[in-house]
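# Notes for the structure review
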Amino acid sequence: MPPGDAPTAESFESEAAELLESIGRARKKVEGIAGVLDGTLDRYRERIDRLIRESEVDNWRQVRIFTRDVETIAADLGKASKEKRLSPRLVAWLDAALRKARRRDFYGARKAWRRLDRIAEQGAEVRRLQGRYREAFRAVESRIRQLKTQVERLEKIPKPPTSPEDARAFNESVDRFNEASTAAYLDFLSRARADLALPLLLDAGQGGGIGVPAPPPGSDPDPLMRLLSNASPQVEAFRGRTFYGLLELPAYSDAKLTHIYGDSRLIRGALDEAWSWLKAIREDERRSLQIQWSEDAMMLRRRVPSVVAFLERLGKMNDAADRGRELVGSLNDGRFESLQTAARLYATHGEAAERKWRGTLEKDMEGMCMEAARLSAVLKKFTDPAKVESG
């Protein structure tokens, strides 16, 4: 069968029958000659071939080392002959090659070595056919295991409570809410006056679980809040700056701050005390109000209404609050959890979960079981590769 193609019962049955027939014909040519099928002949030929090649490269090789190698191979060859692991005819030709090599007649040694090419090729052909049969047999076994594993995995997939289209629409609705809420929040930070924005951000950060950062340890926003609540005309320009405008002030020189706002030390001190909090708000500006569709629904039931209430306090920037109220409604009536469960199943199991929803997965599993049964039945008709190789 072509590499990479899943074996079928019909293809394996025809291929295995042909291979067994070919193996039988090839074995008849050499099965009576000891040492051919088990690779003993090939191992001795390889040792003699290496001896000849190395001697041909280095004609001035030390005689004692060369003689030792020849005698070692000859002794092993005699042992194999005595134990009847090699046919006498094969031993004779190998011994002839060794005797000629001992006399440094490497041409004659190679010629004697070549006399065994044909029988060695016949033995290699048997092993090649056995290898093909073994691979085909193991491929069918692997396919059966794969089918059974697939069926076991697919059986565990529960039916999603909603359709794939509804789950995708659910994910998109959460994404659209996140986009709208982030846009409204950024717009608020860039447009709202500081004396309105900072108290609102402080209140949101200290309670409600909205996601706006609370003042971290070591940060004190109170001096800044007192300064922003000062209604004197001198600090009106300071109060009228936006959140991002406040972040620009530390880069001003003392002379510029004094010229514009009066007391530079008071302003710089208030900003320094609250700086780590302001920086945290700036760094989390695109994550603060976002929710994840995969979050725990119980936690979202508490958080999303707070986020919606916060968006309403920001003003009518866009439809973020309306989208948030739709999510709150789905959380309250249980639709959110159903859609969340479906989205998780589709994300985890992909197309298999979609087929489960449409009712086609059971048919696919039945087909897999039938295919595995057919392959198992065909496999029982043929001999195990280990027995084929042992003869």
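Relevant structure appears above.
Residues numbered from 1 in each chain as written. Predicted model: local features only at pLDDT ≥ 70, side-chain atom pairs only at ≥ 80, totals over all residues. Heavy atoms only, no water.

A few words now on the pattern of salt bridges. A complete count under the given rule lists 40 salt bridges for this structure. A salt bridge links Arg 138 to Glu 141; the nearest nitrogen and oxygen atoms lie 2.9 Å apart. Here Arg 138 pairs with Glu 141, and both are found in helix 6 (residues 117–155), just three residues apart, close to one helical turn. Judged by its relative accessible area of 21%, Glu 141 is partly exposed. A salt bridge links Arg 193 to Asp 195, with the shortest nitrogen-to-oxygen separation between them at 3.1 Å. For Asp 195, a relative accessible area of 13% corresponds to the buried category. Salt bridges sharing common partners tie together Glu 165, Arg 168, Glu 354 and Arg 358. (Salt bridge = Lys/Arg side-chain N within 4 Å of Asp/Glu carboxyl O. Helix = DSSP H or I, 4+ residues; strand = E, 2+ residues; numbered from the N terminus. Buried < 20%, exposed > 50% of the residue type's maximum accessible area, 1.4 Å probe, protein only.)

This part covers the packing of aromatic side chains. To describe a pair of aromatic rings, one takes the distance between the centres and the angle between the planes. This structure, assessed with the given rule, holds seven aromatic pairs. Seen in terms of ring centroids, Tyr 133 and Phe 137 are 6.1 Å apart; in terms of plane orientation they differ by 40 degrees. Their pairing is tilted. Of this pair, Tyr 133 and Phe 137 are both found in helix 6, four residues apart, which corresponds to roughly one turn of the helix. You can call Phe 137 buried: its relative accessible area is 5%. Each ring, one from Phe 170 and one from Trp 293, has its centre 6.5 Å from the other, and the planes form 75 degrees; the classification is edge-to-face. (Phe/Tyr/Trp six-rings, centres within 6.5 Å; stacked < 30°, edge-to-face > 60°.)

What follows concerns the environment of Leu 247. By the element assignment, Leu 247 lies in helix 11 (residues 243–248). For Leu 247, a relative accessible area of 19% puts it in the buried group. Measuring from C-alpha to C-alpha, the distance between Leu 247 and Leu 278 comes to 7.6 Å, with 31 residues separating the pair along the chain. With residues up to four places along the chain from it excluded, the contact list for Leu 247 reads Trp 275, Leu 278 and Arg 282. (Contact = heavy atoms within 4.5 Å.)

For Lys 84, which is not glycine, the phi dihedral falls at a positive 60 degrees. With respect to the helices and strands, the residue Lys 84 is situated in the loop between helix 3 (63–82) and helix 4 (88–102). On the accessibility criterion, Lys 84 (69% relative accessible area) is exposed.

This paragraph deals with helix 14 (residues 297–314). For helix 14, with 18 residues, the first-to-last C-alpha span of 25 Å sits near the 26 Å given by 1.5 Å per residue. Residue Arg 303 marks the point of greatest curvature in helix 14, where the axis turns by about 25 degrees; the proline Pro 305 follows within four residues. Buried residues in helix 14 make contact with helix 7 (164–191), helix 8 (194–206), helix 15 (320–333) and helix 16 (335–349). Two to three positions downstream of the cap, the backbone nitrogen of Met 298 sits 3.2 Å from a side-chain oxygen, assigning the N-cap of helix 14 to Asp 296. Of the residues one or two after helix 14, Gly 315 is the one with positive phi, at around 105 degrees. (Expected span 1.5 Å × (residues − 1). Bend = angle between axes of the 7 residues up to and from the residue. Polar contact = N/O pair within 3.5 Å; in protein donor to acceptor, adjacent residues only side chain to side chain.)

Here Ser 219 is to be found in the loop between helix 8 and helix 9 (222–229). At a separation of 3.4 Å, a polar atom in the side chain of Ser 219 contacts the main-chain carbonyl oxygen of Glu 273. Among the polar contacts made by the side chain of Ser 219, one reaches the side chain of Ser 276 at a distance of 3.4 Å. In this structure, Ser 219 is in contact with Glu 273, Ala 274, Ser 276 and Trp 277, ignoring residues within four places of it in sequence.

With that settled, the discussion passes to the packing of helix 9 against helix 13 (residues 264–283). Taken N-terminus to C-terminus, the directions of helix 9 and helix 13 make an angle of 125 degrees; their axes are 7 Å apart at the nearest point. By the angle between their directions, the pair helix 9 and helix 13 is classed as oblique. Between helix 9 and helix 13 the crossing geometry is left-handed. Here Pro 223, Leu 224, Met 225 and Leu 227 of helix 9 come into contact with helix 13, specifically with Leu 266, Ile 267, Ala 270, Leu 271, Glu 273, Ala 274, Trp 277 and Leu 278. A class-by-class count of the residues in the contact of helix 9 with helix 13 yields eleven nonpolar, no polar and one charged. (Axes fitted to C-alpha atoms, helices over the stretch in contact; angles between N-to-C directions. Parallel < 35°, antiparallel > 145°, perpendicular 65-115°, else oblique. Left-handed = near helix turned anticlockwise from the far one by under 90°. Nonpolar A, V, L, I, M, F, W, Y, C, P; charged D, E, K, R; others polar.)

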